[in-house]
Amino acid sequence: MSAPRSRAGLLAASLGLWLLFPFAWLLAHLPSAVGLVAGRRLGDLLWWVLPRRRAVALDNLQRSFGSEQSPKEIRCLGRRSFQNVGMNLVEACRYFLRPTHVMLSRVRVEGREHLQAAAAQGRGVLVLTAHFGNWELLAGAHALSGMPLSIVTRPLDHPLLDDLTARFRRRSGAELIVKRQAVREVLTALKRQRMVGILLDQNATRAEGVFVPFFGSPASTSRGLALLALRTGAPVVPIFLRREPGGRHCMEMGAAVPPPEDGLVATYTATFNRVLEATIRRSPEQWLWMHDRWRTRPREVVPC
């Protein structure tokens, strides 16, 4: 019985996506200022219709800022993070359903010299990034960097949504690398002098991750980026797309993160988390707090 139900659920979800197309087209063609307002209201709607995600966001914020902000401030910050997601969705419609220059013309680049210095080493570039600002637009904005991009992705559960997301990411010429085949293809991409983007801010399984601090709590973080960097010698450059007032964005490129003197994966990964945390602290409402970042917990030590 599970297979028919799965097919029925897939069909229903596919139909729902196609029915949303006229709404997406309307959002894509709204004036920029009106679109941002619509995006914030969409985020408010998500805040109320996704109670579990709202609870996760508030728990994460309490863990991270509980000693610095009041419950009211934390709740306000959580809601603004949902509004950022809503604005991202509106901008995704505009990017996908209109010429790419409509959105890319609203992106400026800062710190390009850091990427150029890293690329000059001739080993390709590993990009440290996160679900921050409008992270999907970052894939498109790579065209402004002057260096081709490959992205390590995890396929989405819904085939149609996965196909739409892949089309979105490929619009600017980005190359997609499926996570389960990542190592070989990442090594090939680096040899071809490409940037390889890796989102490092999601919870990792116990087998994939190493526990290192993130906002003061041990967080299971993928060791993949550190392993690749130490194995290949490719520089790791932090790049984020920060939202600015008026519907504009800044693609911020930082200096390459130096490898640790001890050469340990855990040390390098902890450094990456410090970079992510510093970026998020500057504009905390732009991070995806609804993600269950601390889901995987360290094993408890049972006293003898």
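Look a little higher up for the structure.
As the structure is a prediction and not an experimental result, all values here were calculated from the model.

Quick word on the packing of aromatic side chains
Ring pairs (aromatic) are described by centroid distance and by the angle formed between their planes.
No. 1: For the structure shown, the criterion picks out ten aromatic pairs.
No. 2: An angle of 85 degrees between the planes, with centres 5.1 Å apart, marks the rings of W47 and F82 as edge-to-face. Taken together, the residues span a long stretch of sequence, with W47 in helix α3 (residues 32–49) and F82 in helix α5 (residues 71–97) at a distance of 35 residues. Each member of the pair W47 and F82 is classed as buried.
No. 3: Aromatic pair W287 and W289: ring centres 4.6 Å apart, planes at 90 degrees, arrangement edge-to-face. Just as W287 is buried, W289 falls in that class too.

Things to note about the pattern of salt bridges
No. 1: Evaluation of the coordinates by the stated rule reveals twelve salt bridges.
No. 2: Its salt-bridge partner being E91, residue R243 comes within 2.9 Å of it at the nearest N-O pair. Of this pair, R243 sits in strand β8 (residues 236–244) while E91 sits in helix α5; the two residues are 152 residues apart in sequence, bridging distant segments of the chain. Accessibility assignment for this pair places R243 and E91 in one class, buried.
No. 3: Between E252 and R242 there is a salt bridge, with the nearest N and O atoms lying 3.0 Å from each other. Taken as a pair, E252 in strand β9 (residues 248–253) and R242 in strand β8 lie far apart in primary sequence, ten residues in all. Here the two residues E252 and R242 agree in accessibility, since each one is buried.
No. 4: One network of salt bridges, in which partners are shared, links R41, D44 and R79.

Rules used in this analysis
- Residues numbered from 1 in each chain as written.
- Predicted model: local features only at pLDDT ≥ 70, side-chain atom pairs only at ≥ 80, totals over all residues.
- Heavy atoms only, no water.
- Phe/Tyr/Trp six-rings, centres within 6.5 Å; stacked < 30°, edge-to-face > 60°.
- Helix = DSSP H or I, 4+ residues; strand = E, 2+ residues; numbered from the N terminus.
- Buried < 20%, exposed > 50% of the residue type's maximum accessible area, 1.4 Å probe, protein only.
- Salt bridge = Lys/Arg side-chain N within 4 Å of Asp/Glu carboxyl O.

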